[in-house]
Amino acid sequence: MTPLLQVRDLTIAFRQDGVETPAVRGVGFDVNRGETVAIVGESGSGKSVTALSTVALLPDSAVVRGSVIYDGTQMIGAPEADLRRVRGNDISFIFQEPMTSLNPLHTIEKQLGESLALHQNLRGDAARARILDLLDKVGINDAESRLSAYPHQLSGGQRQRVMIAMALANGPDLLIADEPTTALDVTIQAQILELLADLKRREGMSLLFITHDLTIVRRIADRVCVMKQGEIVETGPVAEIFDNPQHPYTRMLLEAESTGLPDPVAPDAPQIVGTAHLKVWFPITRGLLKRTAGYVKAVNDATLAVRAGETVGIVGESGSGKTTLALAIMRLISSEGPISLEGRRIDGVKSRALRPLRQDMQIVFQDPYGSLSPRMTVAEIVAEGLRLHDTGDDRPHREQVADMLTETGIDPASMDRYPHEFSGGQRQRIAIARAMILRPKLVVLDEPTSALDQTVQVQIVELLRDLQRRHGLAYLFISHDLKVVRAMSHKVIVMKRGDVVEAGEAAQIFDTPATPYTRALMAAAFDLKADRAAAV
């Protein structure tokens, strides 16, 4: 049988000022009809560039050589009209982050309708019927009520389902999914993977799946290609690669998992932060006079305590209230209920009096690409807090920055470079250095590893453990990656739709979860056989 997609000796370079920088070298693989092929590797290995080259979606600076044959047609050098007929029609893409892929100014109906109008000339009632069918097919409940919704009004899982519906709109033969589950919670991730597998069976599609998560590859793929620095270093059936990897790089990827446990907390460790029956409700206003018609109950009755040297993990799906709870503790949003910092009530403190306390509470965000200003050097980014707070260190700021960069694993000689000159892992280390330079007591870690490769995740977890060990830091660790949470946390709080459904010692939560929801989370994270419906 002739493969649906044949890639042979694919070489891609990017030309700038007459100089070509290679990105992909001599790549070759096939995708057969009805088959799922996964391409795995770390960021920068050439996975996405290879996928984009299949339908000539690379920028003008790209120099592409070799052969990409789709269904008997050579795609490299093909006329633009032929490529347009294939893109979105025969070959469709699902990208990693639906919030940047969907137009924030257009409704879901309009965005799906554009594709149908362009490729199938479907408009009006016929297009609406097809859109409802697509949304139903990808599992959007009460699809008709969602047609007028904008992307920001949908959850992460719903947005990704809309992206899948758009990709399926024209009945493609090949679906290319580029990290489609990286930003999703474990239960939603499991649902999306099951959805893709089901759609593949029902629609008879082939699937090219790009990811850095080998756990996903084991679940969904028939064959796997392992890429490193622009080359495929190993390829074969999934079972063969996982059970008997030949290349050292493949073995390293398979072994890259955050393991172990955090250091025990000292029995006399003081409490750094605590809450009692904390509540965060956002009013829903309607009418010309903006009368309150109800509330979005983001957090209900949350009680927690974090001691010096202790990590409390907060887990749950998107929209469960994890980040809202952390922001309320840091007094970045309004809440009801007592909040204490080192024994002092801070819930009623006004903004001016609260400012000196800010250096004791710092936060590291999920996205190292978006949380650092592209217009500031690393030295300026890390030293920014020093200009606002007195840490008691009289040394020049550059000297303090150099020491903190060294402590977080960044060469201080690079402090005058800009964020775009660093890898994702290095950028996250810079974000950690920015938080740590103020010597805080509490650090909120909001999904600090979810945007990173597994090998880099392991490094960041080890860095965070080391910093906690040396400085006695209290961590609030928010994550949907339960394997990382288990490696980092002493205690765990499980949240669902604003409620704390379970809380306790990490070992207890992971080994003997008490509620169906927590059991469903564990099943999705560790691929156990359990009723995942309880998590929905």
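Conventions adopted
- Residues numbered from 1 in each chain as written.
- Predicted model: local features only at pLDDT ≥ 70, side-chain atom pairs only at ≥ 80, totals over all residues.
- Heavy atoms only, no water.
- Helix = DSSP H or I, 4+ residues; strand = E, 2+ residues; numbered from the N terminus.
- Polar contact = N/O pair within 3.5 Å; in protein donor to acceptor, adjacent residues only side chain to side chain.
- Salt bridge = Lys/Arg side-chain N within 4 Å of Asp/Glu carboxyl O.
- Pairing = 2+ DSSP bridges.
- Axes fitted to C-alpha atoms, helices over the stretch in contact; angles between N-to-C directions.
- Parallel < 35°, antiparallel > 145°, perpendicular 65-115°, else oblique.
- Left-handed = near helix turned anticlockwise from the far one by under 90°.
- Contact = heavy atoms within 4.5 Å.
- Buried < 20%, exposed > 50% of the residue type's maximum accessible area, 1.4 Å probe, protein only.

J.: Help me out: how do you make sense of the side chain of D30 in this one?
T.: Mapped onto the elements of the fold, D30 is located in strand β2 (residues 19-31). Within the local environment of D30, its side chain forms a polar contact with the side chain of R8, the two groups lying 2.7 Å apart.

J.: I'm lost on the pattern of salt bridges in this one. Help?
T.: Should the charged atoms of two oppositely charged side chains come close, the side chains can pair. Overall, the coordinates contain 32 salt bridges when judged by the stated rule. Note that D403 and R395 form a salt bridge whose closest N and O atoms lie 2.4 Å from each other.

J.: In this structure, what is going on with the sheet that holds strand β1 (residues 5-16)? I would like to understand it.
T.: In a beta sheet, neighbouring strands pair by backbone hydrogen bonds and run either parallel or antiparallel. One open sheet accounts for four strands, arranged β2-β1-β4-β5; its pairing is antiparallel. Lying at the two open borders of the sheet, with one neighbouring strand each, are β2 and β5 (73-74). As paired elements, β1 and β2 share nine bridges and run antiparallel to each other. Following the sheet pairing, L5 is matched in β2 by V31.

J.: Looking at this structure, how should I read the packing of helix α16 (residues 424-436) against helix α17 (residues 454-471)?
T.: For any two helices packed against each other, one specifies the inter-axial angle together with the distance between the axes. Running from amino to carboxyl end, α16 crosses α17 at an angle of 15°, the nearest separation of the two axes being 10 Å. The orientation of α16 relative to α17 falls into the category roughly parallel. Of the two elements, α16 crosses α17, and the hand of that crossing is right-handed. For the pair α16 and α17, contact is made by G425, Q428, R429, I432 and M436 and by V456, Q459, I460, L463, L464 and L467, respectively.

J.: Sorry if this is basic, but what is going on with helix α20 (residues 516-526) here?
T.: Each turn of an α-helix holds 3.6 residues, which means side chains three or four residues apart point in the same direction. With respect to burial, α20 is a largely interior element, eight of its eleven residues being buried. Among all positions of α20, only Y517, T518, A520, L521, M522, A523, A524 and A525 are buried.

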